[in-house]
Amino acid sequence: MIQTGVSYFANGWPHHLERDLDDIRAHHCSYIVHCFSENEMVFARQRTAQFFRMTRDAGLGCWANPWAVLGLFGGEQFSAFVPRNPEACQVLSTGQRAPAACPSAAETRAAMKLWLAMAIDFGADTIFWDEPHLYIPGWDDLGFAPDDALACFCPRCRDSFRVRFGQPMPKTLTPELRLFRDNLMMDFLSEMIGYVHDRGVKNAITLLPVDDTARESLPWNRVADIRGLDIFGTDPYWYLHHRDCETFVREQMKKTMDVCQPRGLTAHFWAQGFGIPSGRENELEAGFSLAVESGAQFIAIWGMHGNSAYEGASDDPEKVWEVVGRTFRKLRN
Ligand SMILES: [Zn+2]
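Everything in this summary refers to the structure shown in the same document. (Residues numbered from 1 in each chain as written. Predicted model: local features only at pLDDT ≥ 70, side-chain atom pairs only at ≥ 80, totals over all residues.)

### Some words on the overall build of the protein
Of the regular secondary structure elements, the protein holds 11 helices and 10 strands. Taken against the 2.2 N^0.38 rule, which gives 20 Å for 333 residues, the C-alpha radius of gyration of the protein at 19 Å falls within 12% of a compact globule. Considering only C-alpha atoms, the protein reaches an extent of 60 × 45 × 40 Å along its principal axes. Residues classed as buried in the protein amount to 43% of the 333 residues present. Taking as baseline every contact in the protein between residues at least 6 positions apart, the subset at least 24 positions apart corresponds to 74%. (Helix = DSSP H or I, 4+ residues; strand = E, 2+ residues; numbered from the N terminus. Rg over C-alpha atoms; globule rule 2.2 N^0.38 Å. Buried ≥ 20, exposed ≤ 12 C-beta atoms within 10 Å, placed from the backbone. Contact = placed C-beta atoms within 7 Å.)

### What to know about helix 10 (residues 283–294)
Between its terminal C-alpha atoms helix 10 stretches 16 Å, which fits the 16 Å expected from 12 residues at 1.5 Å a residue. Of the positions making up helix 10, those classed as buried are Glu283, Leu284, Gly287, Phe288, Ala291 and Val292. Across the axial projection of helix 10, the buried residues extend over an arc of 165°, all falling on one side. On its buried side, helix 10 packs onto helix 9 (245–260), strand 9 (266–272), strand 10 (298–302) and helix 11 (317–332). (Expected span 1.5 Å × (residues − 1). Arc of directions from axis to C-beta.)

### Considering the environment of Asn203
Residue placement: Asn203 occurs in strand 7 (residues 202–207). Sequence separation between Asn203 and Ala64 is 139 residues; the distance between their C-alpha atoms is 9.9 Å. When neighbours within four sequence positions are excluded, Asn203 is seen to be in contact with Ile127, Trp129, Ile193, Val196, His197, Gly228, Leu229 and Asp230.

### Looking at the packing of helix 9 against helix 10
In a packed pair of helices, the relevant descriptors are the angle between the two axes and the axis-to-axis distance. Relative to each other, helix 9 and helix 10 sit at 25°, their axes nearing to 9 Å. Classified by the angle between their axes, helix 9 and helix 10 sit roughly parallel to one another. For the crossing formed where helix 9 meets helix 10, the hand is right-handed. On helix 10, the residues touching Cys245, Glu246, Val249, Arg250, Met253 and Met257 of helix 9 are Glu283, Ala286, Gly287, Leu290, Ala291 and Ser294. (Axes fitted to C-alpha atoms, helices over the stretch in contact; angles between N-to-C directions. Parallel < 35°, antiparallel > 145°, perpendicular 65-115°, else oblique. Left-handed = near helix turned anticlockwise from the far one by under 90°.)

### Some points on the nonpolar core
Core analysis: the biggest nonpolar cluster contains 98 residues, and Val6, Ile32, Trp63, Ala101 and Cys152 have the highest contact counts within it. Ignoring any residue separated from it by four or fewer positions in sequence, one finds Cys152 in contact with Gln90, Val91, Cys102, Leu134, Cys157 and Leu184. (Core = buried A, V, L, I, M, F, W, Y, C linked by C-beta atoms within 7 Å.)

### Comments concerning the pairing of strand 7
Among the six residues of strand 7, five are classified as buried, and the element is accordingly described as predominantly covered. Pairing analysis gives five bridges linking strand 6 (residues 126–130) to strand 7, with the strands arranged parallel. In the strand pairing of strand 7, Phe128 is matched with Ala204. Of the strand pairs in this sheet, strand 7 and strand 8 (residues 231–234) are connected by four bridges, and their pairing is parallel. Its bridge partner lying in strand 8, Ala204 is registered against Ile231. (Pairing = 2+ DSSP bridges.)

### Looking at the sheet that holds strand 10
Pairing within the closed barrel is parallel, and its eight strands lie in the order 1-2-3-6-7-8-9-10. Going from strand to strand, the sheet's axes swing by 25° on average, the running direction of each strand aside. Along the sheet face, helix 3 (residues 45–57) touches strand 2 (31–36) and strand 3 (61–66) and points at about 175° away from the line of strand 2. Here helix 10 sits on the sheet and contacts strand 9 and strand 10; the angle it forms with strand 9, its principal contact strand, is near 170°.

### Notes on the packing of helix 5 (residues 106–121) against helix 7 (residues 175–198)
Taken N-terminus to C-terminus, the directions of helix 5 and helix 7 make an angle of 30°; their axes are 11 Å apart at the nearest point. One element, helix 5, and the other, helix 7, form an angle in the roughly parallel class. The two elements helix 5 and helix 7 cross, and the hand of that crossing is right-handed. On the side of helix 5, the interface is formed by Arg109, Met112, Lys113 and Leu116, while helix 7 contributes Glu191, Met192, Tyr195 and Val196. In the contact of helix 5 with helix 7, the residues fall into five nonpolar, no polar and three charged. (Nonpolar A, V, L, I, M, F, W, Y, C, P; charged D, E, K, R; others polar.)

### A closer look at helix 7
Compared with the 34 Å implied by 1.5 Å per residue over 24 residues, the 34 Å span of helix 7 between its first and last C-alpha is a close match. Structurally, helix 7 contributes buried residues whose contacts are with helix 5, strand 6, helix 6 (155–165), strand 7 and helix 8 (220–224). Where helix 7 terminates, the next one or two residues include Gly200, which has phi positive at roughly 80°.

### Here's the deal with the pairing of strand 10
When a strand is regular, its side chains alternate between the sheet's two faces. Across the five residues that make up strand 10, a large majority, five, are buried. Burial along strand 10 is two-sided: the residues Phe298, Ala300 and Trp302 and Ile299 and Ile301 are all buried. As judged from the four bridges shared by strand 1 (residues 3–8) and strand 10, these two strands associate in the parallel manner. Paired with Thr4 across the bridge in strand 10 is Ile299. Direction of pairing for strand 9 relative to strand 10: parallel, over a ladder of five bridges.

Rendered as structure tokens:
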């Protein structure tokens, strides 16, 4: 059966979750992707454990998402690690210290494992690796660094680049720098995904739906080969990227299935629940249906109620949520 998910955030009250669980089940979701931030890691551990337990008790799958944790994943959160560990942060080609941890630092790896151990102990059945990336300047609405600034030029990375390639790090994205950046994320993800797998928990990953030549892209085939990975997918947000729904979903699902099929990975697919212009809500039904026809077995929506709890709400949040519920119901039956 097709599994249907929704991301969950912006609420800390158990009695609200109680109601949301009814709402989520009434909209035919079978799993929740809990956005577990560094803030909650410090200030709301008990409540997070309780939320995970309530989710499982409601008969729903419980995914944990490192929500912008360490600045290495998607999400609208600041990192608590960054100001405490300046030496472990990424350095940009401009010389600026980025508000994101460098995957090569021992402190970064220890912090990630601390997050993972908590999420697993709290009862997550799947760890969701959401849009892993080195610092992307264009994602920062405050314009911290120029768009062409690249990571990572920290002393650790510069040393290992010199050892590997026998030359100093270039300031532009040469093939050597691209390979170096890929390896940086690959080493980190391989270690962390292996750790989760060895603890008996599933791993799902979503990579950005960008061309291989885009600077924020990761090598899909190499990522898919990581030991312990179970579920692989992408999030072709056609409203956000100003793309045609059918073309974008078809193209990204083909790319996803080409990666999943030979490896026996389960394909998954995200649709955008935020920023949907009024009158275009029904495109969600078309997008989800096409993803399932193409082979996706896990489909999910980013944000319940049109993401109205955060920046970039849909114009008509209730209409979006209604279309999601109707579509999930149809695709599960
Ligand atoms: Zn570095």
